[in-house]
Amino acid sequence: MNGTTGQTRHQDRVWSVAEHLDDVLSKIAPLDPIELQLLDAQGCVLVEDITVPVALPPFDNSSMDGYAVRAADTASATQDAPVPLTVIGDIAAGPGELPAVGPGQAARIMTGAPVPPGADAVVPVEWTDGGAGEGPAAAMRAHSAAPQDAGGEVRVHRPAAAGAHIRTRGSDVTEGEPALAAGTVLGPSQIGLLAALGRGTVRVRPRPRVVVLSTGSELVQPGEALGPGQIHDSNSFQLTAAARAAGALAYRVGAVADDPETLRSTLEDQLIRADLLVTSGGVSVGAYDVVKETLTALSAEEGTVEFRKLAMQPGKPQGFGLIGPDRIPLLALPGNPVSSYVSFELFVRPALRTLMGLPDVHRPTLRARITDAIASSPKGRRQFLRGSHDADAGTVTPVGGAGSHLIKAMAHANALIVVPEEATEVTADSEVDVVLLG
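Just so we're clear, the structure is a prediction, and the values are computed from it rather than from any experiment. (Residues numbered from 1 in each chain as written. Predicted model: local features only at pLDDT ≥ 70, side-chain atom pairs only at ≥ 80, totals over all residues. Heavy atoms only, no water.)

**Q** Looking at this model, I keep getting lost on helix H5 (residues 260–270). Mind explaining?
**A** Helical geometry: 3.6 residues make up each α-helical turn, so side chains three or four residues apart lie on a common side. The complete set of buried residues in H5 reads Leu 263, Arg 264, Thr 266, Leu 267 and Gln 270. When H5 is viewed along its axis, its buried side chains cluster within an angular range of 165° and face the same direction. Facing away from the buried side of H5 by more than 90 degrees, the exposed set consists of Glu 261 and Asp 269. On its buried side, H5 packs onto strand S14 (209–215), strand S17 (249–256), strand S18 (276–280), helix H6 (290–296) and strand S22 (328–333). (Buried < 20%, exposed > 50% of the residue type's maximum accessible area, 1.4 Å probe, protein only. Helix = DSSP H or I, 4+ residues; strand = E, 2+ residues; numbered from the N terminus. Arc of directions from axis to C-beta. Contact = heavy atoms within 4.5 Å.)

**Q** Would you take a moment to explain the nonpolar core for this structure?
**A** What tends to happen in soluble globular proteins is that the nonpolar side chains get buried as a cluster. Residues Leu 276 and Leu 352 are the most contacted members of the largest nonpolar core, which totals 40 residues. Listing elements by their share of this core, those giving two or more residues are helix H2 (17–26), S14, helix H4 (235–245), S18, S22, helix H7 (337–356) and strand S26 (415–419). Ranked by residue count, the leading element in this core is H7, at 10 residues. Here Leu 276 is in contact with Ile 28, Arg 209, Val 210, Val 211, Ile 328, Pro 329, Leu 331, Val 348, Ala 351, Leu 352 and Leu 355, once residues within four sequence places are set aside. Leu 267, Leu 277, Val 290 and Leu 295 belong to the second largest nonpolar core, which has 20 residues in total. (Core = buried A, V, L, I, M, F, W, Y, C linked by side-chain atoms within 4.5 Å.)

**Q** Is there a simple way to explain the sheet that holds strand S10 (residues 153–156) in this structure?
**A** Within a beta sheet, neighbouring strands are joined by backbone hydrogen bonds and run either parallel or antiparallel to one another. The strand order S9-S6-S8-S7-S10 describes an open sheet built from 5 strands, whose pairing is mixed. This sheet does not close on itself; its edge strands, each paired only once, are strand S9 (121–124) and S10. Averaged over all pairs of adjacent strands, the angle between their axes in this sheet comes to 40°, without regard to strand direction. Sheet analysis places strand S6 (residues 66–69) next to S9, joined by 4 bridges and oriented antiparallel. (Pairing = 2+ DSSP bridges. Axes fitted to C-alpha atoms, helices over the stretch in contact; angles between N-to-C directions.)

**Q** What should I look at first to understand the side chain of Ser 214 in this one?
**A** With respect to the helices and strands, Ser 214 occurs in strand S14. Looking at Ser 214, its side chain comes within polar contact range of the side chain of Asp 233, at 3.1 Å. Not counting residues within four places of it along the chain, the set of residues in contact with Ser 214 comprises Leu 219, Asp 233, Asn 235, Ser 236, Val 253, Gly 254, Ala 255, Val 256 and Ser 280. (Polar contact = N/O pair within 3.5 Å; in protein donor to acceptor, adjacent residues only side chain to side chain.)

Below is the structure:
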């Protein structure tokens with residue numbers, strides 16, 4: 001009897017938002033690093049400092065299509081009195097023997113090609129006649145159509161200063177210079193830099209694999225017709241998209257009916273591909289709250305999930321635990337669409353970013369002036385209202401009401417307005433905390 005009383009008191013405890021989040025994060029550790037091919041590492045977090053092994057660019061090269069020249073030879077060039085130079089050959093990007101440029105000479109050069117010995121400047125082709133013996137050229141003629149332009153004479157109409165249109169060796173980065181720091185999320189530009197440095201693989205923490213499933217016999221797949229008492233399953237789509245936006249590899253499972261054995265077998269099947277499991281629905285105090293019923297009945301070998309009441313609105317009922325042989329974290333969220341999404345932002349997203357090994361797991365929070373009053377807020381609960389934040393004006397405007405079913409308002413919000421536990425109303429033009437979304 002004493003054990004039952006203790007359990008009841010534990011279940012009756014009301015957790016704060018911070019207490020629940022701290023408990024979740026205390027039981028989650030960053031994923032072990034692995035070596036991945038560059039494109040497979042996109043979106044992952046780097047776990048090593050990268051230094052530059054060789055200068056970029058590795059040699060002096062032309063930034064223009066034109067002619068490699070001695071700058072002194074072009075000093076007197078004008079439109080009316082162009083300077084003629086003898087063309088001694090072509091230099092294309094890539095390997096090949098470089099001709100030495102002597103006084104009165106020029107080598108036709110392509111963008112990215114190495115600057116030949118003797119040359120100290122590049123004259124863009126538009127500053128010359130392109131070897132055609134006429135006025136300024138708009139472009140070089142194709143080698144296949146005019147092979148004679150690789151020789152003969154070119155007339156330069158404008159002078160080029162020493163160093164003009166030359167990208168010098170190491171002008172991007174020098175050898176031994178830091179390139180990327182551990183903790184960097186690898187996006188397209190970072191992947192490009194690693195490739196330029198010659199890295200074929202990189203050591204990262206992998207993107208966490210998240211399995212998302214909704215529960216409820218009333219749920220119907222979008223695209224299918226609704227029957228009496230049915231609604232379309234929006235939560236699993238919203239939460240899967242949110243997990244992907246947070247950087248995870250997210251897998252959506254079709255809605256699970258309110259049947260404990262079906263839910264149990266579905267979870268067992270998904271454990272093999274999950275670093276984290278997210279469910280929505282079935283966590284409150286109803287007779288058909290299948291998630292709570294199923295997960296509170298787990299054996300010690302199967303894991304432990306605890307269901308809690310949080311001092312927040314929306315999202316009061318929450319569940320969290322570790323299940324399966326590998327003790328995979330599971331977060332059980334409420335079923336109302338707004339409740340589930342707010343819960344994702346407050347608890348699931350920080351958990352995912354912890355798995356990724358990111359130093360900052362929280363959304364940015366700032367102060368803003370609220371344009372409209374909030375007439376009432378439940379005392380003792382932290383309320384999260386949808387809002388539209390105007391960064392330029394420093395204001396936030398409530399969007400929709402407080403109902404946890406108002407999914408349209410969520411779609412038009414870019415922030416959450418935080419009303420603290422002790423406040424029962426908020427006056428217009430007062431300052432509030434705002435959690436920025438996206």
